[in-house]
Amino acid sequence: GSAALQGLVFMRENPLRILGLSAVLLLPCFWHAHIEAGDLGSDLYNAWLSRLVEQGQAPGLWLVHQWNNTLFDRALLWLGPWLGWNAAEKIAVSAAVLIFFWGVFALVSVAGRRPFWMLVPVIAMLAYGWTFSMGLFNFYISLGMSFFALALLWRGNRWDVLLAAALLPLMWMAHPLGPAWLIPAAAYML
């Protein structure tokens, strides 16, 4: 059967558990006025400065466009002017935490052929581990998406392979290391 379809059934059967766990998981993102995570401050500053450059309010500066290592920064740049920079920080970091956590959970559950609820504390610790602390959110998101893709490929069908392949551009935009290790792993699995 389709791994994606099994994931949808899992979400339909466990909505309160998923929402409750996600809310508890995100508490550390909201209990301080600002999230302290290494490179996050420079990501916010760069998004703010990029906005000024786009508006012509930073004479002498220009933007250089990149194809990768930018997904998180683009989220900040898009959210910041609309919701404020503090809200943009909270929302973008929260999304990154959820992508990473649920990506790992999906992969270990597919590998074990059942939801591994007992591993939730360990996965939560990993979610707030070194990569989070260093503020390497593009890499963090890319890893989370690659875990989802591996979960799709583990026992999936051809549609799951296509869905995993559809994640590749977003993974690449987040950070090239996500797809760099996913492709050999997928080749081995397929």
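So, a few notes on the structure that sits alongside this text. (Residues numbered from 1 in each chain as written. Predicted model: local features only at pLDDT ≥ 70, side-chain atom pairs only at ≥ 80, totals over all residues. Heavy atoms only, no water.)

## A closer look at the overall build of the protein chain
Here's step 1: Across its full length, the protein chain holds 10 helices and 0 strands.
Here's step 2: The linear arrangement of helices and strands in the protein chain, starting from the amino end, is α-α-α-α-α-α-α-α-α-α.
Here's step 3: For the protein chain, the C-alpha radius of gyration of 18 Å lies close to 16 Å, the compact-globule estimate for 190 residues.
Here's step 4: Here the C-alpha coordinates of the protein chain stretch approximately 55 × 35 × 25 Å along the principal axes.
Here's step 5: Out of the 190 residues in the protein chain, the part that is buried amounts to 41%.
Here's step 6: Pairs at least 24 residues apart make up 73% of the contacts formed inside the protein chain by residues separated by at least 6 positions.
Here's step 7: Counting only carbon and sulfur atoms, one obtains 71% of the accessible surface of the protein chain, whose full area is about 10,900 Å².
Here's step 8: Computed over 9 positive and 8 negative side-chain charges, the inter-centroid distance for the protein chain is 16 Å. (Helix = DSSP H or I, 4+ residues; strand = E, 2+ residues; numbered from the N terminus. Rg over C-alpha atoms; globule rule 2.2 N^0.38 Å. Buried < 20%, exposed > 50% of the residue type's maximum accessible area, 1.4 Å probe, protein only. Contact = heavy atoms within 4.5 Å. Areas by Shrake-Rupley, 256 points an atom, 1.4 Å probe, with all protein chains shown as cover. Lys, Arg positive; Asp, Glu negative; His and termini not counted. Charge placed at Lys NZ, Arg CZ, Asp CG, Glu CD.)

## A few points about the environment of Asn69
Here's step 1: Among the secondary structure elements, Asn69 is positioned in the loop between helix H3 (40–54) and helix H4 (71–83).
Here's step 2: For the pair Asn69 and Leu150, spaced 81 residues apart in sequence, the C-alpha separation works out to 21 Å.
Here's step 3: Once residues lying within four places of it in the same chain are set aside, the contact partners of Asn69 are Asn138, Trp172, Met173, Ala174 and His175.

## What about helix H8 (residues 137–155)?
Here's step 1: Helix length check: H8 (19 residues) gives 28 Å between terminal C-alpha atoms against 27 Å at 1.5 Å per residue, within 8%.
Here's step 2: Of all the 19 residues making up H8, 15 are buried; the element is thus mostly covered by neighbouring parts of the structure. (Expected span 1.5 Å × (residues − 1).)

## Quick notes on helix H5 (residues 85–112)
Here's step 1: The terminal C-alpha atoms of H5 lie 40 Å apart, and with 28 residues this matches the ideal 40 Å at 1.5 Å per residue to within 8%.
Here's step 2: One or two steps after H5, the chain reaches Arg113, where phi turns positive at roughly 65 degrees.

## Considerations on the packing of helix H2 (residues 15–30) against H5
Here's step 1: Between H2 and H5, the shortest axis-to-axis distance is 10 Å and the interhelical angle comes to 130 degrees. Between H2 and H5, the angle is such that the two are oblique. Regarding H2 and H5, the two cross each other, and that crossing is right-handed. Contacts between H2 and H5 pair Ile18, Leu21, Ser22, Leu25, Leu26, Cys29 and Phe30 from the former with Lys90, Val93, Ser94, Val97, Leu98, Phe101 and Trp102 from the latter.
Here's step 2: Tallied by class, residues from the contact of H2 with H5 come to 11 nonpolar, 2 polar and 1 charged. (Axes fitted to C-alpha atoms, helices over the stretch in contact; angles between N-to-C directions. Parallel < 35°, antiparallel > 145°, perpendicular 65-115°, else oblique. Left-handed = near helix turned anticlockwise from the far one by under 90°. Nonpolar A, V, L, I, M, F, W, Y, C, P; charged D, E, K, R; others polar.)

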